[in-house]
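# Notes for the structure review
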Amino acid sequence: MRILVTGGAGFIGSNIVDAYIEGGHDVAVIDNLSSGKEDNVNPRARFYRLDIRSPEIDLVFAKEKPDVLNHHAAQIDVRRSVSDPTFDASVNIIGTIGLLQACLKHGVGRFIFASSGGAIYGEPQNLPADEDIPLDPLAPYGASKVAGEYYLSCYSALYSLKYTALRYGNVYGPRQDPYGEAGVIAIFCQAMIDGEEVRIFGSGEQLRDYIYVGDVVQANLLALERGDNQDINIGTAMGTSVNELFMRLKAILDYKKDAVYYPPRQGELEKIYLANAKALEVLGWQSQVDIQRGLELTAEYFKERSELTI
Ligand SMILES: NC(=O)c1ccc[n+]([C@@H]2O[C@H](COP(=O)([O-])OP(=O)(O)OC[C@H]3O[C@@H](n4cnc5c(N)ncnc54)[C@H](O)[C@@H]3O)[C@@H](O)[C@H]2O)c1
């Protein structure tokens, strides 16, 4: 298939691009490198350094004639979405609409969308959260993901565009930014390797659904053929606390210090984890990498990377 991946220089997108190429697909990438890195882009993919909101994306669609658009480019910083909701909406909502319009114009058959199970359900009563509970985003970032899903649903009803929205848990693994605001596992790995202080905000008992990027990649491979017009959680149905992550990584990386606790971050959810029965039923997808193995693989990646840069 011919596949155009937005955000293909970023953490998740670049891992997906590698797997698509490995699977024999013909891949092009659009990314403005605002947080992604050109080094992440598979050399066998054609790379367009462009903003998804740029009118020039039309030329890319005309040239590439993709069968599938896989949309991972986004403003991903929840706190920035609060401080600058207009920018967040501009990238995440207007940017997504522009891509939908380009898909219509250029006859793209399928749209795979990176949504967020961690940001759209709020603080649900019943866990794990399944796809049918009311949506309750608590930050503009989550609202922008919900808007993206609603636009996809409209476009599939109005036109013959098929979509799959993958509602990820907290994705972790190789190439995640260890210096960003989010991505606690990458941040902990790097801090431990550098012998720096590891900071935990709040009690550390907040629960999240950590999902290894290799499993997320697998869902994106399956979504090339399945999951028509569905919103699907991609998670483990299990909550893991930040304290547990810390203890496991401390053992894996032989880190000697204790964590340092800071006041909770304002607006942070207490617990969210995602039911995954629909992913199995619709995509035939199940998480394969448990948290211990995923942490080992991630720690190994950051260790090797640090040794290379010394
Ligand atoms: N990491 C997670 O835990 C997680 C969870 C749920 C959903 N998601 C979604 O998955 C997607 C990928 O996230 P990630 O963690 O890989 O983040 P990332 O920042 O590594 O990747 C995003 C990529 O999009 C690019 N980009 C940003 N704005 C752009 C624009 N206007 N035009 C073109 N390119 C642009 C960036 O340069 C970057 O390469 C995002 O849509 C994010 O909302 C991520």
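Residues numbered from 1 in each chain as written. Predicted model: local features only at pLDDT ≥ 70, side-chain atom pairs only at ≥ 80, totals over all residues. Heavy atoms only, no water.

## Regarding the overall build of the protein chain
From N to C terminus, the protein chain includes eleven helices and 13 strands. Along the three orthogonal principal directions, the C-alpha set of the protein chain runs to about 55 × 45 × 40 Å. Per-residue burial for the protein chain yields a buried fraction of 52% across its 310 residues. Looking at the protein chain as shown, the accessible area adds up to about 14,100 Å², and 51% of this sits on carbon and sulfur atoms. (Helix = DSSP H or I, 4+ residues; strand = E, 2+ residues; numbered from the N terminus. Buried < 20%, exposed > 50% of the residue type's maximum accessible area, 1.4 Å probe, protein only. Areas by Shrake-Rupley, 256 points an atom, 1.4 Å probe, with all protein chains shown as cover.)

## Digging into the packing of helix α7 (residues 184–193) against helix α11 (residues 291–309)
Where α7 contacts α11, the two axes come as close as 10 Å, and the packing angle between them is 50°. Viewed along their axes, α7 and α11 adopt a mutual orientation that is oblique. Note that α7 runs across α11; the crossing there is right-handed. Along the contact surface, α7 presents Ile-185, Ala-186, Cys-189, Gln-190 and Ile-193, while α11 presents Leu-295, Thr-298, Ala-299, Phe-302, Lys-303, Arg-305 and Ser-306. Within the contact of α7 with α11, the residues separate by chemical class into seven nonpolar, three polar and two charged. (Axes fitted to C-alpha atoms, helices over the stretch in contact; angles between N-to-C directions. Parallel < 35°, antiparallel > 145°, perpendicular 65-115°, else oblique. Left-handed = near helix turned anticlockwise from the far one by under 90°. Contact = heavy atoms within 4.5 Å. Nonpolar A, V, L, I, M, F, W, Y, C, P; charged D, E, K, R; others polar.)

## Digging into the pairing of strand β2 (residues 26–31)
In regular strands, side chains alternate between the two faces of the sheet. Summarising burial for β2: five of the six residues are buried, a large majority. Alignment of strand β1 (residues 2–6) against β2, held across five bridges, turns out to be parallel. Residue pairing in the sheet places Ile-3 in a bridge with Val-27 of β2. Each parallel crossover has a hand, and the one from β1 via helix α1 (residues 11–22) to β2 is right-handed. In the sheet, β2 pairs with strand β3 (residues 46–49) via four bridges, with the strands oriented parallel. Across the sheet, the residue bridging to Asp-31 is Arg-49, located in β3. (Pairing = 2+ DSSP bridges. Right-handed = clockwise from strand over helix to strand, strands pointing away.)

## Things to note about the nonpolar core
Residues Leu-166, Tyr-168 and Ile-234 are the most contacted members of the largest nonpolar core, which totals 57 residues. Residue contributions to this core peak at seven residues, all from α1. Here this core spans two domains, since at least three of its residues come from each of domain 1 (2–169 + 210–234) and domain 2 (172–208 + 238–309). Leu-50, Val-60, Ala-73 and Leu-100 belong to the second largest nonpolar core, which has 25 residues in total. (Core = buried A, V, L, I, M, F, W, Y, C linked by side-chain atoms within 4.5 Å. Domains from an automatic or database assignment.)

## A closer look at the pattern of salt bridges
The final tally for this structure, using the stated rule, is 18 salt bridges. Note that Asp-26 and Arg-2 form a salt bridge whose closest N and O atoms lie 3.5 Å from each other. Taken together, the residues span a long stretch of sequence, with Asp-26 in strand β2 and Arg-2 in strand β1 at a distance of 24 residues. Judged by its relative accessible area of 29%, Asp-26 is partly exposed. Between Arg-2 and Glu-64 there is a salt bridge; the shortest N-O distance is 3.6 Å. Here Arg-2, found in strand β1, pairs with Glu-64, found in helix α2 (residues 57–64); they are 62 residues apart in sequence, far enough to count as distant. Look at Arg-2 and you get partly exposed, because its relative accessible area is 31%. Owing to a relative accessible area of 4%, Glu-64 belongs among the buried residues under this scheme. Taken together, the shared-partner salt bridges connect Arg-2, Asp-26, Arg-46 and Glu-64 into one network. (Salt bridge = Lys/Arg side-chain N within 4 Å of Asp/Glu carboxyl O.)

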